[in-house]
Amino acid sequence: MPAQVETRGLRVAFGPVVAVASLDLSVQPGTAVALVGRNGAGKSTTLRVLAGVLPPTGGDARIAGIDVARDPAGAKAQVGYCPDVGGLIPRATPWEHLQLAAKLRGLRDGWAERATALLDRFDLLGAADRVTAGFSHGMGRRLSVVLAVLHSPAVLLLDEPFDGVDPLGAQATLDVIAEARAAGAAVVVSTHLLQLAVEACDEAVVLRGGRVVAAAPAAELRGEAGERRYRSLLA
Amino acid sequence: MTQLLELVRLRWRMVRSERVRFGLALLAALIPGLICGAVIAGQLAPRGRSFDVTVLAPTAFLGFAVLSLVAPLAAGGGNELFPPDQLTPFPIRPSTEFAASLLVAPLNLAWMSQALLLFGVTSFVTGDRPGLGLALVTTLVYVALVTVAGQGVAWLIIGARQSATGRRLVWTLAGAVAAVVVLVVRTHAGYAVLDNSPTTPVVSTALDGAAERGARWLVGTAQLGGLLVIAYLCGQRACAWALRRPGDGQRFRESRTHRRRLPAPGPVRALARVDRAGVWRSSPLRRGLLVLTLLPGFVAAGAGLEWESLVVVPALVTAGAGLLFGVNVFCLDGGGATWLASLPHQPRHAIMAKTLVLAETIAGSGLIAAVAGSLRAEHPPTLADLTALLGCVVSCSAVVLATCVHVSLTHPRHALLRGGRDTPAPPAAMAVYSVRLATVTTLIGLLFGGVAHAGSASVAAVLTLGLTTLSVVSLARSIRSWDDPCERARVVAAVSSG
């Protein structure tokens with residue numbers, strides 16, 4: 001089966017700073033991969049390239065077989081992306097975010113019902129018509145996940161979706177990841193919370209200096225032994 | 001003082017470009033030079049209307065006092081060296097905040113030009129009398145006094161507005177002031193009021209200095225100096241009080257619900273709707289729009305200007321409207337810029353939506369100021385007057401729009417525009433942008449004023465066509481540059497970081 005997410009020799013440089021050196025990554029439909037690593041390892045930059053927000057400096061990045069550099073709009077249509085920080089328009093309400101996403105993604109009937117159900121699930125229904133500038137960090141994260149999954153994307157890219165989120169919100173995120181996988185989506189999760197990554201994903205890919213330094217079944221990083229192994233890979 | 005010096009040093013170090021540093025140093029060096037220039041101009045000006053200028057001098061001093069109150073009020077308590085979110089971890093004292101906002105007060109084109117006018121007027125009314133230096137000292141103390149007092153009053157109002165009762169009180173007060181102004185204008189009592197301006201003794205003190213009546217000058221100037229010290233101390237306390245207030249104003253605005261609307265018909269209109277909400281739901285932008293749009297228009301209406309002078313009013317208003325958020329239009333998206341960039345839409349839709357909202361704001365403000373100003377214009381307009389006024393609004397709007405979109409693309413910045421004092425760019429950059437926009441629009445305004453005076457509607461139409469075409473070409477070039485994904489990524493990264 002062809003990979004839904006595929007990078008070959010992906011390179012991103014900001015002037016002299018190389019954020020992603022040469023990254024090879026492959027995610028099959030119905031699977032979830034955790035990108036883990038220290039700050040500055042290149043996780044968020046990789047997700048930004050895959051989301052079509054940042055053009056790569058070199059190499060290849062494909063979403064559902066579509067080259068993100070050549071056809072960014074086509075690739076974006078397949079992707080649901082939760083950015084790492086912020087990710088929300090400060091003076092728009094959650095409902096306005098959802099309405100805008102539905103319009104730009106060309107969603108037809110039924111999106112409003114799904115949006116309402118998702119807001120309810122993430123305990124945001126009561127805040128659906130308030131501007132996001134007044135939201136706590138955790139509320140913002142939860143809304144970003146809702147926005148990423150609204151259109152049931154073929155590829156779900158979640159950057160730090162659990163950061164500052166309460167246990168119920170984290171569980172709701174784990175549930176939507178599981179549902180996306182069950183529906184055949186490829187999921188990439190970047191996080192520093194190893195145990196949640198292990199719970200959500202089949203495979204963990206450890207990045208360091210913009211390169212893959214290890215890849216292992218997520219279960220192998222479970223528990224204290226897994227934590228020790230992970231720390232040794234970070235050093 | 002130590003904190004203030006450290007903040008200034010840090011701000012200076014944060015200016016990375018050598019060219020910008022040179023420009024700022026030049027600007028700082030220019031201020032004393034400009035004051036000297038104004039004084040020399042006052043000395044060299046023909047003395048034909050010396051009596052008229054002396055009679056009008058208290059009005060000019062009063063105008064500066066009003067400006068010194070309105071400017072910090074419009075800026076939510078005065079401009080700031082750093083946005084508050086950047087200083088959260090540091091124990092900055094309110095007295096430092098107050099001193100910092102005073103320090104950047106001259107970085108305001110209206111303040112600077114009016115202050116220069118006062119020095120020029122003082123020099124002119126002093127004439128060739130020997131005590132010019134003493135007269136200028138009085139003016140300097142007066143400028144400092146009203147600037148400090150204006151800042152203090154502004155902080156008081158900002159503090160009061162943090163509670164529902166305070167907001168009601170401020171609106172009542174504003175309504176009362178507006179009613180008094182309307183009453184004065186309607187009863188033609190304006191001249192009588194200005195003749196009794198509280199600034200008349202200030203001008204008299206300056207003239208005492210000019211005439212070397214040392215004792216009287218000393219008493220008058222010392223009184224102003226004493227008031228300055230009192231105003232400074234009171235201002236510090238007002239600032240500390242306002243900053244201590246819990247700030248339920250912002251919480252109230254951010255926690256209230258907004259009515260859901262039906263989806264917009266197309267992607268550009270959907271994006272523009274969100275941008276428009278971003279403007280009207282931001283307290284500094286909403287307040288700035290109200291002050292900018294209504295105040296100059298009604299001042300012009302109150303003054304009953306002639307049509308050729310009226311033309312300059314909307315020109316300056318369009319420049320001010322551009323400065324509200326236009327010089328960094330993508331900051332409206334904030335952190336959401338990254339999410340927006342991940343949505344499947346034509347990149348041009350995003351920039352077109354921003355351009356549309358910006359055009360509405362700039363042209364709308366200019367038009368309202370023009371209409372308000374023309375309500376009491378001195379005589380019925382000729383076709384040339386109307387064409388010049390409309391042409392000026394259109395041309396200035398087009399030029400400001402093109403400049404703002406260009407600057408937004410070349411110098412994108414993260415700016416929250418959430419708190420009352422937030423601006424789309426740091427104070428020095430805002431000063432540069434204001435000089436740039438105000439110079440161009442004033443020149444255009446004067447050009448159209450000349451055309452109105454000459455009575456040529458066709459020249460006004462041709463001028464409008466030419467300036468608008470040039471602006472459209474520049475705007476098209478900016479919009480084309482947005483097609484480059486690297487450019488878009490740079491802008492998105494800049495506005496969403498922070």
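Rules behind the numbers
- Residues numbered from 1 in each chain as written.
- Chains lettered and ligands numbered in written order.
- Predicted model: local features only at pLDDT ≥ 70, side-chain atom pairs only at ≥ 80, totals over all residues.
- Helix = DSSP H or I, 4+ residues; strand = E, 2+ residues; numbered from the N terminus.
- Buried ≥ 20, exposed ≤ 12 C-beta atoms within 10 Å, placed from the backbone.
- Contact = placed C-beta atoms within 7 Å.
- Pairing = 2+ DSSP bridges.
- Axes fitted to C-alpha atoms, helices over the stretch in contact; angles between N-to-C directions.
- Nonpolar A, V, L, I, M, F, W, Y, C, P; charged D, E, K, R; others polar.
- Domains from an automatic or database assignment.

A. Layout of the overall build of chain B. A count of helices and strands for chain B gives 22 helices and zero strands. Dimensions of chain B along its principal axes, counting C-alpha atoms only, are 75 × 60 × 50 Å. By residue count, 46% of the 498 residues in chain B fall in the buried class. The long-range fraction of contacts in chain B, counting pairs at least 24 apart against all pairs at least 6 apart in sequence, stands at 87%.

B. Quick peek at the sheet that holds strand β8 (residues 186-190) of chain A. Residues and elements named next belong to chain A. Strand order across the open sheet formed by six strands is β6-β7-β8-β3-β9-β10, with mixed pairing between neighbours. Pairing within the sheet leaves two strands with one partner each, and these edge strands are β6 (79-82) and β10 (211-217). Recorded for the sheet is a direction-independent mean angle of 15° between the axes of neighbouring strands. Taken together, the four bridges between strand β3 (residues 32-37) and β8 define a ladder with parallel strand orientation. Following the sheet pairing, L35 is matched in β8 by S190. Contacting β3, β7 (155-159) and β8, helix α6 (residues 167-182) crosses the sheet at an angle of about 150° to β8.

C. Just the interface of chain B and chain A, in detail. Contact with chain B, which involves 32 residues of that partner, is made by 35 residues of chain A. Mapped onto the side of chain B that touches chain A, the elements with two or more residues apiece are α12 (248-255), α13 (267-280), α17 (336-341) and α22 (485-496) of chain B. Of the residues contributing to the side of chain B that touches chain A, the split by class is 15 nonpolar, 12 polar and five charged.

D. Structural detail: the domain arrangement of chain B. You can read the domains of chain B as domain 1 (30-253) and domain 2 (266-498). Look at where the C-alpha atoms of domain 1 of chain B and domain 2 of chain B centre, and you get two points 28 Å apart.

E. Representation of the environment of A377 of chain B. Its location among the elements puts A377 of chain B in the loop between α18 (347-374) and α19 (383-410). As a C-alpha pair, A377 of chain B and W307 of chain B span 70 residues in sequence and 6.4 Å in three-dimensional space.

F. Structural view of unusual backbone geometry. Residue and element names in this part refer to chain A. Phi at D123 is positive, roughly 60°, even though this residue is not glycine. Considering the arrangement of structural elements, one finds D123 in the loop between α4 (111-121) and α5 (137-149). In this model, E160 sits at a positive phi of 50°, which is unusual for a non-glycine residue. Mapping E160 onto the fold places it in the loop between β7 and α6. Accessibility expressed as a C-beta count within 10 Å gives 22 for E160, which makes it buried.

G. Region of the structure containing the pairing of β10 of chain A. All names here are of chain A. The sheet contact formed by strand β9 (residues 203-208) and β10 spans six bridges and is antiparallel. Across the sheet, the residue bridging to R208 is R211, located in β10. Linking β9 back to β10 in an antiparallel pair, the connection comprises two residues, with G209 at a positive phi of about 60°.

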